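Here are the chains, one letter per residue:
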Amino acid sequence: MRVNNKVALVTGSSRGIGRAIAMELARQGAHVAINCASRIVEAEEVKQEIEAMGRRAVIVQGNVADPGFVDGMAKEITASLGKVDILVNNAGITRDNLILRMKEEDWDAVMQVNLKGAFLCAKKFSRQMLKARWGRIINISSVVGIIGNPGQANYCAAKAGLLGMTKSLARELGSRNITVNAVAPGFIATEMTAQLSQEKEREMLKQVPANRLGTPEDVASIVSFLASEGAGYINGQVLAVDGGMSM
Ligand code: NAP
């Protein structure tokens, strides 16, 4: 197993990509802290499935953009599972609109959750990793953080920001046996992409050489590899999981 007995925190793991990552890390031997904003019923299902695999799991519900919540979350996880070895910054939202129609609050909300949330969690949990001299931070960015997308200036800016943060933290923490990498998923079938019109979906699929949407599991297997011992010399990288969309 790739991550036997490690403790992982996956933000936004009640559903979609985060859920698949939490399940795969558990399958690979990790105990998992499940975070969600509000969908506690879905989070409970993830917890039960992880426990059925013989791993420990805890749910910490709250907003990753709230520093008070992140402090409390760290205390709760430490008390129940011990220190966090693997942090996956996955929680994310969209508030899409063309720039002329994009409200300031839509810009702020996306920056808060997608970028500041990752910063707060990295700051909080890297302390434990520094002490342990072992850690993995994996930031879930997006292919559109690399190539851009009309109607998503806020989202693309936040996801591009995550790439800069990834590389900076990789340089800061690398000497302590902590790797920091980003995964840039392409067009993955989740509730987030289910909001898109069929026309937009057809248009986007034309840009994907694989000619299919990705699955949350396509992303999860790469994350579990990056979290493993075997990926210990991969640092500061951005791995696109996009069926060839961004090449
Ligand atoms: P999703 O299905 O919409 O799920 C989002 C998850 O994030 C949920 O668990 C949600 O919790 C949680 N969340 C939202 N706001 C939060 C907050 N403030 N604090 C804590 N948790 C919060 O999204 P997804 O498609 O799985 O995407 C997961 C990540 O991959 C996101 O960062 C997204 O930007 C990125 N991504 C997705 C795609 C794609 O095509 N789907 C492509 C590239 C990148 P609740 O269930 O409680 O609401």
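This one's a predicted model, so the numbers in the text were calculated from it and none came from an experiment.

J.: Looking at this structure, how should I read the site of the ligand?
T.: Surveying the vicinity of the ligand reveals 32 residues, the closest of which are Ser14, Arg15, Ser38, Tyr155 and Thr190. Within the backbone of Asn90, one N or O atom sits 2.7 Å away from an oxygen atom of the ligand. Lys159 places a side-chain nitrogen or oxygen 2.8 Å from an oxygen atom of the ligand. Here the ligand loses 94% of its free accessible area of 910 Å² to cover by the protein chains. A majority-of-atoms criterion places the ligand in the largest pocket.

J.: Any chance you could explain the packing of aromatic side chains here in plain terms?
T.: Where two aromatic rings form a pair, the distance of their centres and the angle of their planes describe that pair. Taken as a whole, this structure holds zero aromatic pairs when the rule is applied. It is Lys6 that lies over the ring of Trp134; its NZ or CZ is 3.9 Å from the centre.

J.: What is the right way to read the pattern of salt bridges from this model?
T.: A pair can form between side chains of opposite charge whenever their charged atoms are brought close. Enumeration over the complete set of coordinates arrives at nine salt bridges. Notably, a salt bridge pairs Arg39 with Glu191, separated by 2.6 Å at the nearest N-O pair. Of this pair, Arg39 sits in the loop between β2 (31-36) and α2 (40-52) while Glu191 is found in helix α7 (residues 191-194), placing the two residues 152 residues apart along the sequence. The exposure class assigned to Glu191 is partly exposed, which follows from its relative accessible area of 39%. For Lys83, the salt bridge goes to Asp85, with nearest N and O atoms at 3.1 Å. Owing to a relative accessible area of 39%, Lys83 belongs among the partly exposed residues under this scheme. Residues joined in a network through salt bridges with shared partners are Arg15, Arg39, Glu42 and Glu191.

J.: What's the story with the layout of surface pockets in this structure? I'm lost.
T.: Roughly 1,100 Å³ of volume is contained in the largest pocket. Residue lining of the largest pocket: 47 residues in total, with Gly92, Ile93, Thr94, Thr190 and Met192 positioned closest to the centre. At the level of secondary structure, the elements contributing two or more residues to the lining of the largest pocket comprise α1 (16-27), β2, α6 (153-173), α7 and α8 (198-205). Here the residues of the lining of the largest pocket sort into 19 nonpolar, 21 polar and seven charged. Put simply, the second largest pocket is a space of about 200 Å³. Counting residues per element, the lining of the second largest pocket draws most heavily on helix α4 (residues 104-132), which supplies seven residues.

J.: What am I meant to see in the environment of Leu9 here?
T.: With respect to the helices, strands and loops of the structure, Leu9 is situated in strand β1 (residues 7-10). Sequence separation of Leu9 and Ser142 is 133 residues, and the distance between their C-alpha atoms is 20 Å. Excluding residues within four positions of it along the chain, Leu9 makes contact with Ala33, Asn35, Met73, Ile77, Val84, Ile86, Leu87, Val88 and Phe125.

J.: Before we go on, may I ask you to explain the state of the cysteines in this structure?
T.: The bond known as a disulfide is covalent and runs between the sulfur atoms of two cysteines. By the definition in use, this model includes zero disulfides. As a non-bridged cysteine, Cys121 has Cys36 as the owner of its nearest cysteine sulfur, 13 Å distant.

J.: Would you explain helix α9 (residues 216-227) in this entry?
T.: Since the α-helix advances by 3.6 residues per turn, residues separated by three or four positions end up pointing in the same direction. When the terminal C-alpha atoms of α9 are compared, their 16 Å separation across 12 residues agrees well with the 16 Å that a helix rising 1.5 Å per residue should span. Here α9 has its buried residues at Pro216, Val219, Ala220, Val223, Ser224, Leu226 and Ala227. One side of α9 holds all its buried residues, which, seen down the axis, span an arc of 155 degrees. Considering only its buried residues, α9 is in contact with α1, β4 (86-89), β5 (135-140), β6 (178-185) and β7 (238-241).

Here is what the cut-offs are and how they apply
Residues numbered from 1 in each chain as written. Predicted model: local features only at pLDDT ≥ 70, side-chain atom pairs only at ≥ 80, totals over all residues. Heavy atoms only, no water. Near = heavy atom within 4 Å. Polar contact = N/O pair within 3.5 Å; in protein donor to acceptor, adjacent residues only side chain to side chain. Areas by Shrake-Rupley, 256 points an atom, 1.4 Å probe, with all protein chains shown as cover. 1 Å grid on protein atoms, 1.4 Å probe; cavity = no way out; pocket = protein on both sides within 12 Å on 5 of 7 lines; lining within 4 Å. Sits in = over half its atoms within 2 Å of the grid points. Phe/Tyr/Trp six-rings, centres within 6.5 Å; stacked < 30°, edge-to-face > 60°. Lys NZ or Arg CZ within 6 Å of the ring centre and 35° of its normal. Salt bridge = Lys/Arg side-chain N within 4 Å of Asp/Glu carboxyl O. Helix = DSSP H or I, 4+ residues; strand = E, 2+ residues; numbered from the N terminus. Buried < 20%, exposed > 50% of the residue type's maximum accessible area, 1.4 Å probe, protein only. Points joined across faces, edges and corners; volume = space filled by probe spheres on them. Nonpolar A, V, L, I, M, F, W, Y, C, P; charged D, E, K, R; others polar. Contact = heavy atoms within 4.5 Å. Disulfide = S-S within 2.5 Å. Expected span 1.5 Å × (residues − 1). Arc of directions from axis to C-beta.

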